[in-house]
Amino acid sequence: MGLRLRFSRQTLHVLNALLERPAQWRHGYSLSQQTELPSGTLYPILMRLERRGWLETRWEETGDLGRPPRHLYRLSGPGRTWAAQELRAARARQIWKPVYTE
Amino acid sequence: MMKKPAEPGTLGQRIAARLLGCALRIWPEQTSIWGRALAAELAVIDNSRQALSWAMGGLMILIREWLRQSLGPWRRPVGLSEGSPLAPLASPASSMPRTPRFLTALLLAASLGILLIPDSREAMRATFQPGARFWNMAVNSGDLQRFRQVAERNHDPEATAVVAMLSPDRAERISMADEAVRLDPSLTWIYTDVPTAEEPRVLPAQPMPPEWVARLENWDPDNAFVRMLRAQQKLLRLEDSWQKNGYRGDYIEEAKKELREDPAWSATMESAFEAPKYDSYFPRKFDLYRRVARRYQIRDPRLALILVTRLPFSSSHTECAEIYSQALLDQAEAAAESGRYLEAIELCRRPAEASQRMGEQCHTDFEKLAWAQIERSSLARLEPLLAKTGQAREAGFLRYRLSALQTDFYPSSPIRDWAWSENGWEGFAIRTLAFGVLLLSAAFLAGSAVLLVRDRQGAEHPGLGFALASAAVDYGPLLLLLDALGLLIAYRPVSIMYDRYFDWSLPIYDFRGLVHALYTPYEWPEGVARLSSQYLVAYNYWMAAIIGLSILAAYIVFRGTVGRGRRAKA
């Protein structure tokens, strides 16, 4: 049996936000605003998801943006399946519900 | 190549950018990409408060990554390097601890062995015994238990006398003193070393039972000290009533007046000044303690320290001598004013000769100082009288004697303060190492408990708590061994000095070396002494250690439970 992530409510919020438009790349700040999580909470979650291979990351295309390129995130294929299962299970066990609407 | 974050406009944004810029420079290499990701987001945050909050979050992640990196090795199985492809195959349960159990047991056994050596035990005891501060070193009843047992079992008068001198219980002190003297009348001197106040103090100010004074006079009738003890009783009674009346009035002047007007008191002091010998019995108590401790193989430096630093006979016998000398000198002045120079000279000679004789026979600096001061004031009056009556040769001798008199053994100066923190760093080292023994033992036990609990719970995720517990179990025994060794080495000079005093075959009159050595565990480096006396006491060490470790253990053990409870509630 492999290692499992600990499902905090914050993690479930992040997964939910990423699952809304799974194919779209998201920025850290927009995720933070949507989930209302501060950077100190959000990034460790993203780092853990990425370590498990459930999060894809890339840097923004470097153009003449006048600012440094930003890091982008979206769930990987297995990550989407896993996230959907976990969110369903969490809702079924009534341990989590979305607190925000877009 | 990444571009540097643009320098945003507002002060808050600039500070946030600067903070994250600094953080990026020291971010661990393995996760530096996340630091850069955080910094890049700042460019799109146009609110100062949010930018600062974002940067603070980044700093928290930086700290977390530092911890993760430093504790990383403990989260891997033994012999597995970072990034090894074998990592997923290793069972999490096998990842801790890394030190083989036999080595851990060996280190713990060696540490225990060192801590069981009497020197180490004494160092620990000196640090953690409650109330173990110099001036209020109360003797706990339990400390005396071995002396009490051998005294009762063997009807040993000397052991009984030791209990009488050190017991915290006044009734026991008095009854044991009487018993010791009944068994061996040559111990009658111990009456002068048995504090009669309810609580033994450095200078008890309570009169001695009258029958004790009478017994002392019968036993050692030629001793000026014993004669002065009788005169001292009146002064102590005056002092006692002054304390009971709420310290009202000018006690010193009133006491002086009353004593000088009392013919019986003056006669007693006169006989004391004429006594052929002076012996305050000071060295006898250590000799007595030493004999008993040797006989029954009891080793307790703290009791020895308390014994030699306490002056139960009180300073007021020398105060009586001072008052009586002053009375004689005042009479001399009156006689000189009326032209009776020979009478004046005779009156000045009496305190001068008595104080010189007693000063030569006493053993403590405290007494030497008191007698030297009386001699100085007497000679200062005598010298001009001799010069005036044509005795120039003797006056010249007195001038020389006056210049040679030492009346400032313990001047109030920084040098004296320095002397008491001479071994400050050694004392600090002993206490810190003793505290380290406690802390490391507690950390090892807490770490073992955490690993055991987590193992039973079947925890699958080795988090930070798991890594900390593992570090405590892995490094605790080795550090404990080093700490115990350090404690033994730091305390060794104290122990050597105690042994020298203890094994010296001749009578000892100077206890300064012993006191300085035994006082070392209670000393602090200059400058922190004031702070230490208020806050850095053993009780606070214990409380800080217990509270801190309890919080840590509770957090580690119950974190998972609380988290599950919260999720369930949500």
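Parameters and conventions
Residues numbered from 1 in each chain as written. Chains lettered and ligands numbered in written order. Predicted model: local features only at pLDDT ≥ 70, side-chain atom pairs only at ≥ 80, totals over all residues. Helix = DSSP H or I, 4+ residues; strand = E, 2+ residues; numbered from the N terminus. Buried ≥ 20, exposed ≤ 12 C-beta atoms within 10 Å, placed from the backbone. Contact = placed C-beta atoms within 7 Å. Axes fitted to C-alpha atoms, helices over the stretch in contact; angles between N-to-C directions. Parallel < 35°, antiparallel > 145°, perpendicular 65-115°, else oblique. Left-handed = near helix turned anticlockwise from the far one by under 90°. Pairing = 2+ DSSP bridges. Core = buried A, V, L, I, M, F, W, Y, C linked by C-beta atoms within 7 Å. pLDDT = per-residue confidence, 0-100.

**Overview of the overall build of chain B**
Looking only at helices and strands, chain B has 24 helices and 0 strands in total. The buried share of chain B, taken over its 570 residues, is 37%. Sequence-distant contacts in chain B: of pairs separated by 6 or more residues, those separated by 24 or more amount to 71%.

**Focus: the overall build of chain A**
Looking only at helices and strands, one finds 4 helices and 3 strands in chain A. Reading the secondary structure of chain A in the N-to-C direction produces α-β-α-α-β-β-α. Expressed as a percentage of contacts within chain A between residues at least 6 apart in sequence, the contacts between residues at least 24 apart total 58%.

**Remarks on the packing of helix α10 (residues 224-244) of chain B against helix α12 (residues 263-274) of chain B**
Residues and elements named next belong to chain B. At a closest axis distance of 8 Å, the pairing of α10 and α12 adopts a crossing angle of 160°. Between α10 and α12, the angle falls in the class roughly antiparallel. Crossing geometry of α10 relative to α12 is assigned as left-handed. For the pair formed by α10 and α12, the contact residues are A224, R227, M228, R230, A231 and K234 on the first element and W265, T268, M269, S271 and A272 on the second.

**A word on the environment of L480 of chain B**
All names here are of chain B. Relative to the helices and strands, L480 resides in helix α21 (residues 464-503). Sequence separation between L480 and L108 is 372 residues; the distance between their C-alpha atoms is 7.7 Å. Each residue touching L480, except ones within four places of it in the same chain, is listed here: S111, V437, L440, S441 and F444.

**Examining unusual backbone geometry**
We note that H155 of chain B has phi near 50°; this positive angle belongs to a residue other than glycine. Along the chain, H155 of chain B falls in the loop between α6 (145-154) and α7 (157-166).

**Considerations on the pairing of strand β3 (residues 71-75) of chain A**
Residues and elements named next belong to chain A. Burial along β3 is one-sided: the face carrying H71, Y73 and L75 is buried and the face carrying L72 and R74 is not. Note: strand β2 (residues 55-59) against β3, 5 bridges, orientation antiparallel. Across the sheet, residue E56 finds its bridge partner in β3, namely R74.

**What to know about the packing of helix α1 (residues 9-20) of chain A against helix α3 (residues 39-51) of chain A**
All names here are of chain A. In contact at an axis separation of 10 Å, α1 and α3 are set at 70° when each is read in the N-to-C sense. It follows that α1 is roughly perpendicular to α3 by the angle criterion. Residue-level contacts link Q10, T11 and V14 of α1 to T41, L42 and I45 of α3.

**Some remarks on the nonpolar core**
Core analysis: the largest hydrophobic core is formed by 111 residues, its most contacted members being V162, V163, A164, I190, C348, V437 and L487 of chain B. Looking at which element gives the most residues to this core, the answer is α21 of chain B, with 14 residues. Aside from chain neighbours lying at most four places away, what touches A164 of chain B is R173, M176, A177, A180, I190 and V194 of chain B. One finds V14, M47 and Y73 of chain A together with I61 of chain B within the second-largest nonpolar core, a separate group that totals 37 residues.

**A short note on the sheet that holds β3 of chain A**
All names here are of chain A. Read from one edge of the open sheet, 3 strands run β1-β3-β2, paired in antiparallel fashion. With one partner strand each, in any of the chains shown, β1 (26-27) and β2 form the two edges of the open sheet. Of the pairings in the sheet, the one linking β1 to β3 comprises 2 bridges and is antiparallel in character. Across the sheet, R26 pairs through a bridge with Y73, a residue of β3.

**Regarding the confidence of the model for chain B**
As a general rule, the predicted coordinates of low-pLDDT regions are not to be interpreted in detail. Residue and element names in this part refer to chain B. The predicted model of chain B averages 81 in pLDDT, with 79% of residues at 70 or higher. Per-residue pLDDT stays below 50 along residues 411-419; that stretch engages in 3 contacts with residues further than four places along the chain or on separate chains. In the predicted complex, the global pTM is 0.60; the interface-specific ipTM is 0.89.

**Observations concerning the confidence of the model for chain A**
This prediction gives chain A a mean pLDDT of 82; 80% of its residues lie at or above 70. Considering only residues more than four positions removed or in separate chains, one finds that residues 1-5 of chain A, a stretch of pLDDT under 50, has 8 contacts.

**A few points about the environment of N47 of chain B**
Summarising the element assignment, N47 of chain B is placed in the loop between α2 (32-41) and α3 (48-71). A C-alpha to C-alpha distance of 8.2 Å links N47 of chain B and G12 of chain B, two positions 35 residues apart in sequence.

**Examining the environment of I114 of chain B**
Residue and element names in this part refer to chain B. Assignment of secondary structure puts I114 in helix α4 (residues 101-116). Assessed through the 19 C-beta atoms surrounding it within 10 Å, I114 is described here as partly exposed. Note: C-alpha distance between I114 and L481 (367 residues apart in sequence) is 8.0 Å. Setting aside its immediate chain neighbours within four residues, I114 contacts S120, A484, L485 and L488.

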